[in-house]
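Working through the structure, step by step
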Amino acid sequence: MSTTGTAGTVKERADLALNDDFLRKAVRFTTERLRNGKKKASEDHGNWDDWRERGRQIRLHTIAHLDYYLNIFTENARANGVHVHFADTAADAVKVALDIAERKQAKTIVKSKSMVTEELHLNHHLEKIGIEAIETDLGEYIIQLAGETPSHIIIPAIHKNRYQIADLLSADAGETLAPDTTVLAGFVRKKLREKFLEADIGMTGCNFAIAETGSMVLFENEGNARMVTTVPKTQITLMGMERIIPSWTDLEVMATLLPRSATGQKLTVYMSGITGPRRSEDGDGPEEMHIIIVDNGRSLQLGDPEFQELLNCIRCGACLNACPVYRHIGGHAYGGTYSGPIGAVLTPSLQKNVGEWDDIANASSLCGACYEACPVKIPLHDMLVYLRRRKVEAGHGNKIESIGMKGFSAVMGGSKRFRTILNLGKLGQKLVVRNGEIRTKLGPLKGWNTYRVTPSIPKKTFRDSWGTIEEEIRNGLQEMDPAVRSRMEAAVKNRDKGGHGHG
């Protein structure tokens, strides 16, 4: 069952995922492995929260002075012989990339993993003008064959297992390949080597751009990005405008935080720093290098006190691995390029279209696990609440939900009303309670009871028991040491007056 595509609501897409046992097992297995790896790596490192705070401060400082660091980066990159282009919109970025490809009369482009090119749907635009774009990251290559989009920021094919992958690669090979990871990876490696040698252009994303030297840095584990950036004669790098950090010293912090948060590694297998095109003394590298700096809605967050920290994201995917919602429904249920908690905030924020994405912010339990996992402490759980508020303010709220909340407010606004409703509820529930549980799937209970049960209202509630508890407390106070009781009574009296008691 395919769960790709953006059709329908997030709830409808989630229902598809929840009924796909294959997908759920695959996503749960991998996210648990990544989450446990991150936990061990951060514990082994020590002082993890200190490093998180250092990373947060670097990102806060950089984003607060983004124009300054972008200017420095651009000046230094151009001094290194790089052609730097700025693209305000997705259409602008695509046009620049296509113009370069057409000028080079390119037939094939090899690509390393890049979420920005996914965001721009660049492969589709290249194919329309007859250019073959080949993903060289193993996970990206697999989903390209499947005609799907990534379902995870760092592990695009997280929703597939080796048997599904073997079927895809067997069709590509024209022969049956064993569902063995060594065999499958060996086939892809052999095929891609030919593509690297044939390609006219290499295309990459950018993990970090170093302002002080005009360099760009790539993190990877397969070595394909190095091939993409050294074999083809022309290189195009697409980077979100927020990927800047001030210096190589700051990279040390990011190189500590990102791999541990993403995969539980101390370091990625390959970390490449690229400073301009090939020089005469270099043994390899592109003869011509272009960097396209993409805005595409990012600048809308600048100066926004609720969402500017969104630009701090270093795309590690840790929030996806921690999120209880993502771990059940996978990435395609979110309907956009970015999934999980970061996607639920980033998609509507970049597109400034709460109307189109008015349901995606609801795909969260607001548990805060994403914040605890984030290596730069982005308060995504707060941002999801802000989005929900803006959705209502923009007139996209659910009318039935609005009526329900008004009713809830009216009931909770008076103890007598609350007690009356509670007593009526005890009577009314007798029609549906079985063994202390309500399993009916009628009305508002349908969504909840589809996957769990609602406990019945107990015969004697905590409120009913409070009189007895209060009496026990009073008796306990009388048995206290007089001096202790006196201090407690004084503290209570001071509190009631609005003061601050001291123990």
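Just so it is clear, the structure is predicted and the values come from calculations on it, not from any experiment. (Residues numbered from 1 in each chain as written. Predicted model: local features only at pLDDT ≥ 70, side-chain atom pairs only at ≥ 80, totals over all residues. Heavy atoms only, no water.)

A closer look at the pattern of salt bridges
Scanning all chains against the criterion turns up 24 salt bridges. The closest approach of N and O atoms between Lys 40 and Asp 44, which form a salt bridge, is 2.7 Å. Remark: Asp 44 and Lys 40 occur in helix H2 (residues 21–45); sequence separation between them is 4 residues, near one turn of the helix. Asp 44 shares its class with Lys 40; the two are exposed. A salt bridge links Glu 288 to Lys 104, with the nearest nitrogen and oxygen atoms 2.7 Å apart. Here the residue Glu 288 occupies a position in strand E10 (residues 288–294), and Lys 104 occupies one in the loop between helix H5 (90–103) and strand E2 (108–111), the gap between them amounting to 184 residues. Overall, Glu 288 belongs to the buried group, its relative accessible area being 15%. What you see here is one network of salt bridges that share partners, running through Asp 304, Glu 306, Arg 389, Arg 390 and Glu 393. (Salt bridge = Lys/Arg side-chain N within 4 Å of Asp/Glu carboxyl O. Helix = DSSP H or I, 4+ residues; strand = E, 2+ residues; numbered from the N terminus. Buried < 20%, exposed > 50% of the residue type's maximum accessible area, 1.4 Å probe, protein only.)

Some details on the packing of helix H9 (residues 162–173) against helix H10 (residues 181–198)
Interaxial distance between H9 and H10 falls to 10 Å at its minimum, and their mutual angle equals 35°. For the pair H9 and H10, the sense of crossing is left-handed. Contact residues: H9 offers Arg 162, Ile 165, Ala 166, Leu 169, Asp 172 and Ala 173, while H10 offers Leu 184, Phe 187, Val 188 and Lys 191. A class-by-class count of the residues in the contact of H9 with H10 yields 7 nonpolar, no polar and 3 charged. (Axes fitted to C-alpha atoms, helices over the stretch in contact; angles between N-to-C directions. Left-handed = near helix turned anticlockwise from the far one by under 90°. Contact = heavy atoms within 4.5 Å. Nonpolar A, V, L, I, M, F, W, Y, C, P; charged D, E, K, R; others polar.)

Comments concerning the pairing of E10
On a regular strand, one side chain projects to one face of the sheet and the next to the other, so that they alternate. Summarising burial for E10: 7 of the 7 residues are buried, a large majority. Burial along E10 is two-sided: the face carrying Glu 288, His 290, Ile 292 and Val 294 and the face carrying Met 289, Ile 291 and Ile 293 are both buried. Sheet topology note: the strand E1 (residues 83–87)/E10 ladder contains 5 bridges and is parallel. Paired with His 85 across the bridge in E10 is Ile 292. Where strand E7 (residues 234–240) meets E10, 7 bridges bridge the pair, whose relative direction is parallel. (Pairing = 2+ DSSP bridges.)

Points about the domain arrangement of the protein
Reports often express the size of an interface as the amount of accessible area lost when the parts come together. One can read the domain layout of the protein as domain 1 (10–301), domain 2 (399–455) and domain 3 (466–496). For domain 1 and domain 3, the distance between their C-alpha centroids amounts to 63 Å. (Domains from an automatic or database assignment.)

Digging into H2
Its 25 residues place the ends of H2 36 Å apart at the C-alpha level, agreeing with the 36 Å of an ideal helix rising 1.5 Å per residue. Among the residues of H2, Leu 23, Ala 26, Val 27, Thr 30, Thr 31, Leu 34, Gly 37, Lys 38, Ala 41 and Ser 42 are the ones counted as buried. Elements that come into contact with the buried residues of H2 comprise helix H1 (10–18), helix H3 (48–64), helix H12 (248–262), helix H13 (318–322), helix H14 (326–329) and helix H16 (369–373). One or two positions beyond H2, positive phi appears at Gly 46, with a value near 80°. (Expected span 1.5 Å × (residues − 1).)

Comments concerning the sheet that holds strand E3 (residues 132–135)
Pairing within the open sheet is parallel, and its 6 strands lie in the order E1-E10-E7-E4-E2-E3. Every other strand in the sheet has two partners, leaving E1 and E3 as the edge strands with one partner each. On average, each strand axis in the sheet is inclined to that of its neighbour by 20°, with strand direction left out of account. Sitting on the sheet, H5 is in contact with E1, E2, strand E4 (201–204), E7 and E10, with an inclination near 165° to E10.

With respect to the nonpolar core
One recurring pattern in soluble globular proteins: nonpolar side chains tend to sit buried together. Residues Phe 208, Tyr 334, Ile 342, Val 345 and Leu 380 are the most contacted members of the largest nonpolar core, which totals 55 residues. The element contributing the most residues to this core is H12, with 7 residues. If near-sequence neighbours (up to four positions away) are discounted, Phe 208 is found in contact with Ser 215, Met 216, Val 217, Phe 219, Arg 243, Ile 245, Leu 251, Met 254, Leu 258 and Ile 314. (Core = buried A, V, L, I, M, F, W, Y, C linked by side-chain atoms within 4.5 Å.)

Digging into the sheet that holds strand E6 (residues 215–220)
The strand order E8-E5-E6-E9 describes an open sheet built from 4 strands, whose pairing is mixed. Looking at strand neighbours, the two that pair on one side only are strand E8 (244–245) and strand E9 (270–274), the edges of this open sheet. Here 5 bridges tie E6 to E9, and the two strands are oriented antiparallel to one another. When the bridges of E9 are listed, Val 217 appears paired with Gly 273. This element, H12, spans strand E5 (208–210), E6, E8 and E9 of the sheet and lies at about 20° to E6.

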